[in-house]
Amino acid sequence: MEQRKPLEYLSQLLKFPPPLPCQDWWLEMADENRIAEFCDVYESAELTDIEKFCLMELITASYEDYLVDEHNEVLWERIARLLRQDWNLNKATVEYWSLFDEDDPANVFRPTPFMRLLWNEMESS
């Protein structure tokens, strides 16, 4: 049985155009207006680990865009719950967005403070 291609499968589920060969699919497809829908798919679709990883990257990139205008604690808690739920899979994503080597708040991603708190919570427990 042929293994499905993660980005092609996710693109079909999310009604995106077929993915072009690019390394930053989640950045190019990020949509701050569809975060709840992306979370719904993460929670309900039967996804492989790599599909979950790619989808979480999409969710996080979308949240980065969302934070330009506002912060919604309920939405962040939903994302954080999904990150916690599959911590071993999502740990690298949280670490990346945490930018631990950067001390200047002007040089971090908008979700960095939230990611750092989540990292500290999960790694201290």
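About the criteria used
- Just so you know, the residues in each chain are numbered from 1, in the order the chain's sequence is written.
- Under the rules for a predicted model, residues below a pLDDT of 70 receive no local features and side-chain atom pairs below 80 are neither given nor counted, while totals for whole chains, interfaces and linings still include all residues.
- Calculation of side-chain values draws on the structure's entire complement of heavy atoms; hydrogens and water are dropped beforehand.
- Where helices and strands are cited, they refer to DSSP runs of H or I of at least four residues and of E of at least two residues respectively, numbered from the N terminus.
- Each residue's exposure class comes from its accessible area (1.4 Å probe, protein chains only) as a fraction of the maximum for that residue type: buried when under 20%, exposed when over 50%, partly exposed otherwise.
- Two residues qualify as a contact provided that any one of their heavy atoms is within 4.5 Å of a heavy atom in the partner residue.
- Salt bridge, as used here: a side-chain nitrogen of Lys or Arg that lies within 4 Å of a carboxyl oxygen of Asp or Glu.
- A pair of Phe, Tyr and Trp rings is counted when the ring centres sit within 6.5 Å of each other, with Trp represented by its six-membered ring. The angle between the planes then sorts it: under 30 degrees is stacked, over 60 is edge-to-face, the rest tilted.
- For helices, the fitted axis covers only the stretch in contact; all axes are lines through C-alpha atoms, and the angles between them, taken along N-to-C directions, range from 0 to 180 degrees.
- Roughly parallel covers angles under 35 degrees, roughly antiparallel covers those over 145, roughly perpendicular covers 65 to 115, and oblique covers all other angles.
- Gly falls in the polar group here, along with every residue not listed as nonpolar (Ala, Val, Leu, Ile, Met, Phe, Trp, Tyr, Cys, Pro) or charged (Asp, Glu, Lys, Arg).

(A) Local environment of the environment of I35. By the element assignment, I35 lies in helix α3 (residues 35-44). A relative accessible area of 1% means that I35 is categorised as buried. A C-alpha to C-alpha distance of 17 Å links I35 and R84, two positions 49 residues apart in sequence. In this structure I35 touches I59, S62, Y63, Y66, L75 and I79, once residues within four positions along its chain are discounted.

(B) A look at the pattern of salt bridges. All told, the structure shown has nine salt bridges when counted by the stated rule. Across the pair E43 and R78 runs a salt bridge whose closest N-O atoms are separated by 2.6 Å. In this pair, E43 is assigned in helix α3 and R78 in helix α5 (residues 73-85), connecting sequence segments 35 residues apart. Residues D86 and K52 are paired through a salt bridge, measuring 3.3 Å at the closest nitrogen-oxygen approach.

(C) Examining the packing of aromatic side chains more closely. For the structure shown, the criterion picks out 11 aromatic pairs. With a centroid separation of 5.7 Å and 15° between ring planes, the pair formed by Y63 and Y66 is classed as stacked. Residue Y63 and its partner Y66 are located together in helix α4 (residues 49-66), separated by three residues, close to a single helical turn. Across this residue pair, the class does not change: Y63 and Y66 are buried. Consider the rings of Y96 and W97, whose centres lie 5.8 Å apart with planes at 85°: the pair is edge-to-face. Clustering of aromatic rings is evident, with ring pairs tying together Y63, Y66, W76 and F114.

(D) Focus on the packing of α5 against helix α6 (residues 87-98). Relative orientation of the contacting elements α5 and α6 amounts to 120°, with a least axis distance of 6 Å. By the criterion of interaxial angle, the relationship of α5 to α6 is oblique. Two secondary-structure elements touch here, α5 through L82, L83, R84 and Q85 and α6 through W87, N90 and V94. Per-class residue counts for the contact of α5 with α6 are four nonpolar, two polar and one charged.

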